[in-house]
Amino acid sequence: MHSDQDRGDGSLKYILSGDGAGDLFIINENTGDIQATKRLDREEKPVYILRAQAINRRTGRPVEPESEFIIKIHDINDNEPMFTKDVYNASVPEMSDVGTFVVQVTATDADDPTYGNSAKVVYSILQGQPYFSVESESGIIKTALLNMDRENREQYQVVIQAKDMGGQMGGLSGTTTVNITLTDVNDNPPRFPQSTYQFKTPESAPPESPIGRIKANDADVRENAEIEYSITEGDGSDMFGVITDKDTQEGIITVKKALDFEKKKLYTLKVEASNTHVDPRFLYLGPFKDSTTVRILVEDVDEPPVFSRPAYILEVKEDVPINSIIGTVTAQDPDVAKNPVKYSVDRHTDMDRVFNINSGNGSIFTSKPLDRETLLWHNITVIAAEINNPKQSSRAPVFIKVLDVNDNAPEFAMFYETFVCENAKAEQLIQTLSAVDKDDSFSGHQFSFSLAPEATSGSNFTIQDNRDNTAGIFTRRTRYNRHEMSTYLLPVVILDSDYPVQSSTETVTIRVCACDHRGKMQSCNAEALIHPTGLSTGALIAILLCIIILLVTVVLFAALKRQRKKEPLIISKEDIRDNIVSYNDEGGGEEDTQAFDIGTLRNPEAIEDNKLRRDIVPEALFMPRRTPAVRDNTDVRDFINQRLKENDTDPTAPPYDSLATYAYEGNGSVAESLSSLESVTTDGDQDYDYLSDWGPRFKKLADMYGSVDSDKDS
């Protein structure tokens, strides 16, 4: 920059402002030359706008208007192409055709695309041939080799180069890595590693239990390696099965039916393994299945006995004698040893022990009488166990049906009590009878009715059999008098038609009653009609109620009086007070305080010499026998005094007299033994003559003891 006013004397000064002034661009204030201080990058800023001006150095005033400079940066090829990703990941199915699309890579160049070829990018493959190729302009990667097999190689690493300047010499370039994975297709059939497998299993193996595992190898993965196992042929196809373990892709050989070593020891199976997902494009590679042979050896085990039937049904008549055989069960040891078997009845199923079984031959017989009407079916369980090894046992249910025999006589369906009117006419129906029988009848019950032989002659009624298991009672005469006979007992004989014929005699009670003209019963009480002018029925009922009430009152009064006598002296232990008790009964027991002073039992030393009974007047005075004085029982006294002191000092005791009872006997009874047994062991020197002086009440006792003394004297 140079001003026309500049005469070279240094009076002018050049200044610069705008984009990058003072930083990227500086101006020589003396000469006006503009210079760049550092390298410029078009990709950062392609255009700069600067403003320059010349000013007087002394005054600072501009000598010319401000000038604007536009600086454009021309592009050079200083940027290499850059890929959008540092690493690409892609996949393509194995066995794909040549030219199959894999992935597209993209690189950009920061240089100016409008200026030369600096930004023109061309793609090429540096690594990955001959398996893959790349289109130079689009960057699309495709397969370049036919039938690439994942099982041989799964991963490929391809390096792609992007070069500017249209790929010419001197152009800049950048690279990226593409990791290509071959995905699996079902192009490999399953193959068994062995042509024959052999397993062993005990004959006791339950159904659905596994025996062994087989596996066919498949080079494919995931769903392309899924295998289905099946049994195609063999003599054990109905005895064994095979299922597929979805986790391990193994075939599990299982038991379908119960095995029997004694029947068959070896089975041979042909097992086939096939893919479940077959790709039709690769069927030309062969069948996608394989087969192998499986041999299964059955091992012998000690088995429990086996019954000839799973269940037994027996029939027996209810009148069969005790110990009669009603049937037989059979069980055998299935093992080669053929161990002997013993039989027994599970008593939990026959608690009443109605049946028993022969332990040797399995014959079942009765041990108690049977009654079909009580129990029709008996369900018991028979146990068969090996004699040598009782733990080896099996069970079989036995259902016993009790068959009916005609052992029950027919009887009335209900209790019959009917009436006949005094004004009844002859041949009048007064009651219809029916009967039932507890026994079964295949052809239906047939009952016949008739009067008992003893009632046939002179009976006032007749029986007419209706031949339909019913009969009617008819009057034989006209008019009945209840004053002469108020009740008739009519014996009726009922017979059934089964064999042996059973019969019973039932009684029908017929009362004679007064009826109106329509035959409606009015009264059957003969006594009420003896005095027709007496009291009415209502009055009689009222009198009867009064009598009942009076009787109830008397009974209640007597019960209350007896209860009052039995009422204890002290009602509650918490309410002990002074009470006056009067005893008015005579008696001679312990409770008779008027007849005997019980104080003598408590203190024998206080007995008066001449104290007599106060309830009777003896016929003659006598001297009572003195009981030897016994010393005071100190341990009882001390015990009572101690308890008395404890109650006196007890702060929780009630504020009134209380009764405390203690079951403490002490060292011994002061009255000694009161038993008459001890008197037998004495020397016999006691004199019982004084019993005769006690009056007539003790006469029997005096005679007994007096006679004993007389016997001894004699």
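Criteria and thresholds
Residues numbered from 1 in each chain as written. Predicted model: local features only at pLDDT ≥ 70, side-chain atom pairs only at ≥ 80, totals over all residues. Heavy atoms only, no water. Helix = DSSP H or I, 4+ residues; strand = E, 2+ residues; numbered from the N terminus. Buried < 20%, exposed > 50% of the residue type's maximum accessible area, 1.4 Å probe, protein only. Contact = heavy atoms within 4.5 Å. UniProt positions renumbered as here; feature names shortened; annotations may be inferred. Disulfide = S-S within 2.5 Å. Salt bridge = Lys/Arg side-chain N within 4 Å of Asp/Glu carboxyl O.

Caption draft 1: Quick look at the overall build of the protein chain. Secondary structure assignment for the protein chain yields six helices and 39 strands. In the protein chain, which comprises 714 residues, the proportion classed as buried is 33%. Within the protein chain, contacts between residues separated by at least 24 positions form 65% of all contacts whose residues are at least 6 apart in sequence.

Caption draft 2: The UniProt feature "transmembrane region" (unreviewed entry) in the protein chain, seen in detail. Mapped onto this structure's residue numbering, the UniProt feature "transmembrane region" (unreviewed entry) falls at residues 539–560. As annotated, residues 539–560 has a helix share of 100% and a strand share of 0%, and its two end C-alpha atoms lie 32 Å apart.

Caption draft 3: A look at the state of the cysteines. All told, the structure shown has two disulfides when counted by the stated rule. The residue that forms a disulfide with Cys-421 is Cys-515, at a sulfur-sulfur distance of 2.1 Å. As the torsion about the S-S bond is roughly -85 degrees, the Cys-421-Cys-515 disulfide counts as left-handed. Taken together, the residues span a long stretch of sequence, with Cys-421 in strand E32 (residues 417–421) and Cys-515 in strand E38 (residues 503–515) at a distance of 94 residues. Comparing Cys-421 with Cys-515, the two get one shared label, buried. Between the sulfur atoms of Cys-513 and its disulfide mate Cys-524 the distance is 1.6 Å. Between Cys-513 and Cys-524, the S-S dihedral sits near 100 degrees, and the bridge is therefore right-handed. With Cys-513 in strand E38 and Cys-524 in the loop between strand E39 (521–523) and helix H2 (537–566), the pair connects residues that are eleven residues apart, well separated along the chain.

Caption draft 4: Structural view of the pattern of salt bridges. This model, assessed by the stated rule, comprises 18 salt bridges. Of the charged contacts in the structure, one is a salt bridge between Asp-184 and Arg-150, with a shortest N-O distance of 3.1 Å. A residue pair is termed long-range when its members are at least 10 positions apart, and Asp-184 in the loop between strand E14 (173–183) and strand E15 (196–202) and Arg-150 in the loop between strand E12 (140–143) and strand E13 (155–163) qualify at 34 residues. Comparing Asp-184 with Arg-150 shows no difference in burial state: the two are buried. Its salt-bridge partner being Arg-482, residue Glu-422 comes within 3.6 Å of it at the nearest N-O pair. Of this pair, Glu-422 sits in the loop between E32 and strand E33 (429–436) while Arg-482 is found in the loop between strand E36 (470–475) and strand E37 (487–495), placing the two residues 60 residues apart along the sequence. The exposure class assigned to Glu-422 is buried, which follows from its relative accessible area of 16%.

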